[in-house]
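Now for the letters of each chain:
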Amino acid sequence: MSLIAITEVKKRFGDVEVLKGINLDVERGEVVAIIGKSGSGKSTLLRCVNGLEMIDDGSIMVAGAQLINDDLHLKALRLKVGMIFQQFNLFPHLSAGRNVMLSQMVVKKTPAREAEAMARRMLERVGLGHKFDAYPDQLSGGQQQRVAIARALSMQPMALLCDEITSALDPELVNEVLAVVKELAADGMTLMMVTHEMRFAREVCDRVVFMHQGRVHEIGPPEEVFGNPRTPELRQFLGAQLVV
Amino acid sequence: MMTFTLWDILRNLLLAARWTVVLSLVSFVGGGLLGMALLYLRIGKARAGRIFVQGYVELFQGTPLLMQLFLAFFGLGLFGIDVPAWLAAGLALILWTAAFLVEIWRGCVESVACGQWEASASLGMGYVQQMRYVILPQAVRVAVPPTVGFSVQVVKGTALTSIIGFVELSKAGTVVTNATFEPFTVYGLVALIYFALCWPLSKSSQILERKLNVAHRDH
């Protein structure tokens, strides 16, 4: 059975239907990129998988945890699937190490010593072992995002959702974050990422999903989606990307 | 005719100023505690709680403090409850202070970026945990300067309680004036005492604001 099962998901904001029946299954260890114009619903879809948005119809299951709007189910879901945001969203009043420790101690009731050991391991993993005591505003954007990745990893999720995680970064900082993601992918982490980094999607992802007007418009391995787009919408989208 | 030295006047005013200080402290602490309880309802999930607090705030911010004092003092009397001036004064000021503090604090909580809610939610934290470990620590930092600043309003607000016969600094000023016939001297001193109480508060609010900002930048 697939790790993430998205079935006939519909979502509307007021009168606007942003997701019009999405079906998507992600296998364990698979890396899936979601591309598409802004407003195509790709970020909304990702946020639904983590329960940050509720769905109006259909179902989302992650490793047996279903998206249901109550605290217990949401917590169970979020323990299976972590999320990384465009704006990092580190807790500014806590040091990098504390950022990684907090949810372990509060949500999983891990003792402080174990949580700290895990935090140090995870920060080491993203190349920031020496920044344990640094506060977020003393770190560069790229470093902050790597701490955010370490924070998500410390909860030992089965999958990670990445919502345009390099879009708020200066160009020279993009690569250090992508390198970490690439390593995660190589380690077998299941990833669902909304991204504008087409080259990265091509190199690292197993499948690429092109979303258009709230639907999965095209889906396939990157060679196919990028090399041989079947619909005019995707061709147009990729064309516009190349110009930029 | 009896004569009064400046020290006589000042001494009596200072003695009365104690009650201004006590009433201010009671109002501020009581209002703060009530404000916290109201804040919990105001930003909570229950709709009824939010609407109740909204109504409460509009009622107390939308009517003069003087009317609230009258209502507390005379209104309860209508029901045969004999309310001493100190009780009416304390009660009205506590309710009034809470109405302002809850709005100040609500603003501070809402000033915490929504990404903080999302990030902590995505890590599996529940509402209470998010509040306690992520949102409130950041909101408190923002809240301290305006809260201390508002305490100045509380101190000045206590002056109104002289109208219902609570003998604090202003009332004492009136009493002393009636005895000495030196209104300018007396009220001049009254003003100076109020200033001596309020100025350190507003100054410390400024200092705290600068300090907490720096703390935010450099830790």
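Bear in mind the structure is a predicted one, so any value in this text is a computation, not a measurement.

Draft legend 1. Helix α5 (residues 114-122) of chain B, seen in detail. Of all the 9 residues making up α5(B), 7 are buried; the element is thus mostly covered by neighbouring parts of the structure. Of the positions making up α5(B), those classed as buried are G115(B), Q116(B), E118(B), A119(B), S120(B), A121(B) and S122(B). Against α1 (42-49), α2 (71-80), β6 (81-84) and α5 (141-153) of chain A together with α6 (127-157) of chain B lie the buried residues of α5(B). Positioned one or two residues after α5(B), G124(B) has a phi angle of 95°, which is positive.

Draft legend 2. Representation of α2(A). Residues and elements named next belong to chain A. Regarding α2, the residues found buried are L74, L77 and R78. In an axial view of α2, the angular spread of the buried residues amounts to 95°, which keeps them on one side of the axis. For α2, the N-terminal cap is D70; the gap from its side-chain oxygen to the backbone nitrogen of L72 is 3.0 Å.

Draft legend 3. How the structure looks around the UniProt feature "domain: ABC transporter" (unreviewed entry) in chain A. Annotation from UniProt places "domain: ABC transporter" (unreviewed entry) at residues 4-238 of chain A. Note that residues 4-238 of chain A is 40% helix and 26% strand, and that its end C-alpha atoms are spaced 27 Å apart.

Draft legend 4. Representation of the environment of L123(B) in the model. Here L123(B) is to be found in the loop between α5 and α6. Among all residues touching L123(B), those that are not within four sequence positions of it are F91(A), S103(A), V107(A), R151(A), A152(A) and M155(A).

Draft legend 5. Seen up close, the pairing of strand β1 (residues 4-13) of chain A. Residue and element names in this part refer to chain A. As paired elements, β1 and strand β2 (residues 16-26) share 8 bridges and run antiparallel to each other. Counted as the bridge partner of K11 is L19 from β2. Of the strand pairs in this sheet, β1 and strand β4 (residues 57-62) are connected by 5 bridges, and their pairing is antiparallel. Bridging from a neighbouring strand, A5 pairs with M61 of β4.

Parameters at a glance
- Residues numbered from 1 in each chain as written.
- Chains lettered and ligands numbered in written order.
- Predicted model: local features only at pLDDT ≥ 70, side-chain atom pairs only at ≥ 80, totals over all residues.
- Heavy atoms only, no water.
- Buried < 20%, exposed > 50% of the residue type's maximum accessible area, 1.4 Å probe, protein only.
- Helix = DSSP H or I, 4+ residues; strand = E, 2+ residues; numbered from the N terminus.
- Contact = heavy atoms within 4.5 Å.
- Arc of directions from axis to C-beta.
- Polar contact = N/O pair within 3.5 Å; in protein donor to acceptor, adjacent residues only side chain to side chain.
- UniProt positions renumbered as here; feature names shortened; annotations may be inferred.
- Pairing = 2+ DSSP bridges.

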